[in-house]
Amino acid sequence: MDLEARSLQPNVKAVLLAKLREYKSDLNNLKSEHKRLASANSNQAARDDLLESGMADAMSVSANQRGRLMMSTKRLNESSDRIKESRRTMLETEELGVSILQDLHQQRQSLLHANDMVFLLLKVPYRLHLLTGKFEGKDERKRLMRKGGRKNK
């Protein structure tokens, strides 16, 4: 079109070239606006895709976190149960230990009493000797010491 307008007569040529420049300018403006809108639409589509994938990622992350939280809660509950069981076992063991110590104390008291009785029995013949002047318990005392204070069966 530009070539045809240049080949025309000068008075028509100037008017046509001015209109041609105006049309070219309008065409360039429309092209740039089209590019801008097309770019905005593609950017919007890309943005929507990213947001959707981001939401999907957020949902999967949320599901993963929920799963980990549930596993952690389960492990915590199991640990609490083990601690309670250990505490119960410890209390039973402590109670058993106290019972054993009481039994040992009673046995110690019995042994001390038996020792005292043996000592008294061994001294009785000696005291009788002091009273009577006779000492017949010497052999009996030796026999008792050999047997450790046990009686004949």
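All values reported here derive from a predicted model rather than from experimental measurement. (Residues numbered from 1 in each chain as written. Predicted model: local features only at pLDDT ≥ 70, side-chain atom pairs only at ≥ 80, totals over all residues. Heavy atoms only, no water.)

1. What about the overall build of the chain?
Point 1. In terms of regular secondary structure, the chain is built from three helices and zero strands.
Point 2. Expressed as a percentage of its 153 residues, the buried residues of the chain come to 5%.
Point 3. About 14000 Å² of surface is accessible on the chain, with carbon and sulfur atoms providing 59% of the total. (Helix = DSSP H or I, 4+ residues; strand = E, 2+ residues; numbered from the N terminus. Buried < 20%, exposed > 50% of the residue type's maximum accessible area, 1.4 Å probe, protein only. Areas by Shrake-Rupley, 256 points an atom, 1.4 Å probe, with all protein chains shown as cover.)

2. With respect to the pattern of salt bridges
Point 1. Tallied over the full model, the rule gives two salt bridges.
Point 2. For Glu-85, the salt bridge goes to Arg-88, with nearest N and O atoms at 2.3 Å. Taken together, the residues span about one helical turn, with Glu-85 and Arg-88 both in helix α2 (residues 10–132) at a distance of three residues.
Point 3. Here Arg-88 and Glu-92 are joined by a salt bridge, their closest N and O atoms 2.3 Å apart. With Arg-88 and Glu-92 both in helix α2 and four residues apart, the pair spans about one turn of that helix.
Point 4. Salt bridges sharing partners connect three or more residues here, namely Glu-85, Arg-88 and Glu-92. (Salt bridge = Lys/Arg side-chain N within 4 Å of Asp/Glu carboxyl O.)

3. A closer look at the confidence of the model for the chain
Point 1. Mean pLDDT for the chain: 78, with 63% of residues reaching 70 or above.
Point 2. Per-element mean pLDDT across the chain ranges from 60 in helix α3 (residues 138–147) up to 82 in α2. (pLDDT = per-residue confidence, 0-100.)

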